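# Structural overview for review
Here is how the chains run, residue by residue.
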Amino acid sequence: LDVLRELMNIGVGRAARAIAEMSGREVVLRVLDIELLDLAGTRQLRELRGQINLRVSQSFRGGLDGCALFTLNRTGAVRLAQLLLGKADDDVAFDELDQGALLELGNIVIGSAVGMLASELAVEVHYELPQLQLRGIKEVADLFADLAQEDQTHALVMRASLTLREDIVN
């Protein structure tokens, strides 16, 4: 997990540079934690219950197969869209432009993280189009249930913190 954490820090560092160029703001993106989640056990990640409102998912195939998720709660999603699009703090509308910006952000973060792994393993990876869903979850397993393969028993969860212009979104 320590090696994976370091690779993910490099990958999200690349994503931070891309987001900084896209937004014209200083961006810090760092990995807070990486853990292996037992998909059958719902006792892990209890604090996520009922909080996920936005999920960007992107499947990938090749030397690595899987599906990566970028998730935010509503408050974080609205604030991040405001920062990326230069909207006023009181503009809490969550329209297609906001969703498009967050879909692109998820695509960048996922591509950077998975791309870093693929690069280090010297394998080729092909990505499917990212999908954005607005949703809530009752149990943590709801976050993965529609994406997991029947034979999957675990998921790798990376928690990260993104800072734009002194605002922190986890």
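What counts and how
- Residues numbered from 1 in each chain as written.
- Predicted model: local features only at pLDDT ≥ 70, side-chain atom pairs only at ≥ 80, totals over all residues.
- Heavy atoms only, no water.
- pLDDT = per-residue confidence, 0-100.
- Helix = DSSP H or I, 4+ residues; strand = E, 2+ residues; numbered from the N terminus.
- Buried < 20%, exposed > 50% of the residue type's maximum accessible area, 1.4 Å probe, protein only.
- Polar contact = N/O pair within 3.5 Å; in protein donor to acceptor, adjacent residues only side chain to side chain.
- Contact = heavy atoms within 4.5 Å.
- Pairing = 2+ DSSP bridges.
- Core = buried A, V, L, I, M, F, W, Y, C linked by side-chain atoms within 4.5 Å.
- Salt bridge = Lys/Arg side-chain N within 4 Å of Asp/Glu carboxyl O.

For the rest of this paragraph, the subject is the confidence of the model for the chain. For the chain, the mean per-residue pLDDT works out to 84, and 88% of the residues sit at or above 70. The lowest-confidence element of the chain is strand S7 (residues 167-169), averaging 77 in pLDDT; the highest-confidence one is strand S4 (residues 125-127), averaging 96.

Once that is clear, we can look at the side chain of Gln82. Summarising the element assignment, Gln82 is placed in helix H2 (residues 74-85). For Gln82, a relative accessible area of 4% puts it in the buried group. Within polar-contact distance, the side chain of Gln82 engages the side chain of Arg79 at 2.9 Å. Setting aside chain neighbours within four positions, we find Gln82 in contact with Lys87, Ala88, Asp89, Asp90, Asp91 and Val92.

You can see Ser57 is positioned in strand S2 (residues 54-62). Filtering out sequence-adjacent residues up to four positions away, Ser57 remains in contact with Cys67, Ala68, Leu69, Leu129, Pro130, Gln131, Gln133 and Leu147.

Moving on, we come to the pairing of S2. The side chains of a regular strand alternate, residue by residue, between the two faces of the sheet. The buried fraction of S2 is high, at seven of nine residues. Here S2 runs beside strand S3 (residues 66-72); their pairing, made up of seven bridges, is antiparallel. What sits directly across from Gln58, in S3, is Ala68. In terms of strand pairing, S2 meets strand S5 (residues 131-134) through four bridges, oriented antiparallel. When the bridges of S5 are listed, Arg55 appears paired with Gln133. Relative to S4, S2 runs antiparallel, the two being bridged by three bridges. Along S4, the bridge assignment pairs Gly62 with Val125.

This part takes up the nonpolar core. Counting 36 residues, the largest nonpolar core has Ile19, Leu29, Leu72, Leu80, Leu102 and Leu105 as its most contacted members. When residues in this core are grouped by element, the largest group, eight residues, is from helix H3 (residues 96-121). Filtering out sequence-adjacent residues up to four positions away, Leu105 remains in contact with Ile19, Phe70, Leu80 and Leu84. Grouped together as the second largest cluster of nonpolar side chains are six residues, Leu37, Leu39, Ala155 and Val157 included.

Let us look at the pattern of salt bridges. For the structure shown, the criterion picks out seven salt bridges. Residues Glu35 and Arg159 are paired through a salt bridge, measuring 3.4 Å at the closest nitrogen-oxygen approach. With a gap of 124 residues between them, Glu35 in strand S1 (residues 27-38) and Arg159 in strand S6 (residues 154-164) connect regions that are remote in the sequence. The class for Arg159 is partly exposed, based on a relative accessible area of 27%. Here Arg79 and Asp89 are joined by a salt bridge, their closest N and O atoms 2.8 Å apart. Highlighted residues: Arg79 in helix H2 and Asp89 in the loop between H2 and H3, separated in sequence by 10 residues. Note on Arg79: relative accessible area 18%, which makes it buried. For Asp89, a relative accessible area of 56% translates into the label exposed.

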